[in-house]
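Okay, here's what each chain looks like letter by letter:
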Amino acid sequence: MEINARTEVVEVNVGTSITTAYNFGQLPQLREATKIVSIEAYDVTQVALSRLNKTVISNTVLKKSYLELVERGGAGAVIATVPLMDISKQTAASIIDQQDFPTIDWEKSVIRVAETTGLNANESFIFKVKYIKAARK
């Protein structure tokens, strides 16, 4: 079986209701991931506008936000809570090469914002997810 490395840009728009938790929703491409290689978060200093033509979150909001990843299947336990600043493109860091990282339930995983000052309606969180997908036989 051949293994394929892929990259997916994920956008989570805040919408018109400011809150402290935002779901990723359905991500069909990432549902087929057998391993997450890396996750990077971006702010407005790296990406001014999203694919949906929305303003990207500020560095201030990025510093107050966390990525909470939930395991797919099983108990659906939270397997990682990571400050977005730790995986920010500007820090050149990411969740990298997690050999034993289980597959992620993106629909149950959330972005948590500790304090919403500075977060504006219709802004977007942007992530780049590199993953491995087993090729079809």
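Look up a bit, the structure's there.
Residues numbered from 1 in each chain as written. Predicted model: local features only at pLDDT ≥ 70, side-chain atom pairs only at ≥ 80, totals over all residues. Heavy atoms only, no water.

## Concerning the packing of aromatic side chains
No. 1: Counted under the stated rule, the structure contains three aromatic pairs.
No. 2: Between Tyr22 and Phe125, the ring centres sit 6.0 Å apart and the planes meet at 40°, which makes this aromatic pair tilted. Highlighted residues: Tyr22 in strand β2 (residues 21-23) and Phe125 in strand β7 (residues 124-134), separated in sequence by 103 residues. The exposure classification of Tyr22 matches that of Phe125, with both residues buried.
No. 3: Summarising the aromatic geometry, the rings of Phe24 and Trp106 are spaced 5.2 Å apart at their centres and angled 75° between planes, so their arrangement reads as edge-to-face. Here the residue Phe24 occupies a position in the loop between β2 and α1 (28-31), and Trp106 occupies one in the loop between β5 (78-83) and β6 (110-113), the gap between them amounting to 82 residues. (Phe/Tyr/Trp six-rings, centres within 6.5 Å; stacked < 30°, edge-to-face > 60°. Helix = DSSP H or I, 4+ residues; strand = E, 2+ residues; numbered from the N terminus. Buried < 20%, exposed > 50% of the residue type's maximum accessible area, 1.4 Å probe, protein only.)

## Overview of the pattern of salt bridges
No. 1: One pass over the structure, following the stated rule, counts six salt bridges.
No. 2: With its nearest N and O atoms 2.9 Å apart, the salt bridge here joins Glu32 to Lys133. Of this pair, Glu32 sits in the loop between α1 and β3 (35-42) while Lys133 sits in strand β7, placing them 101 residues apart in sequence. (Salt bridge = Lys/Arg side-chain N within 4 Å of Asp/Glu carboxyl O.)

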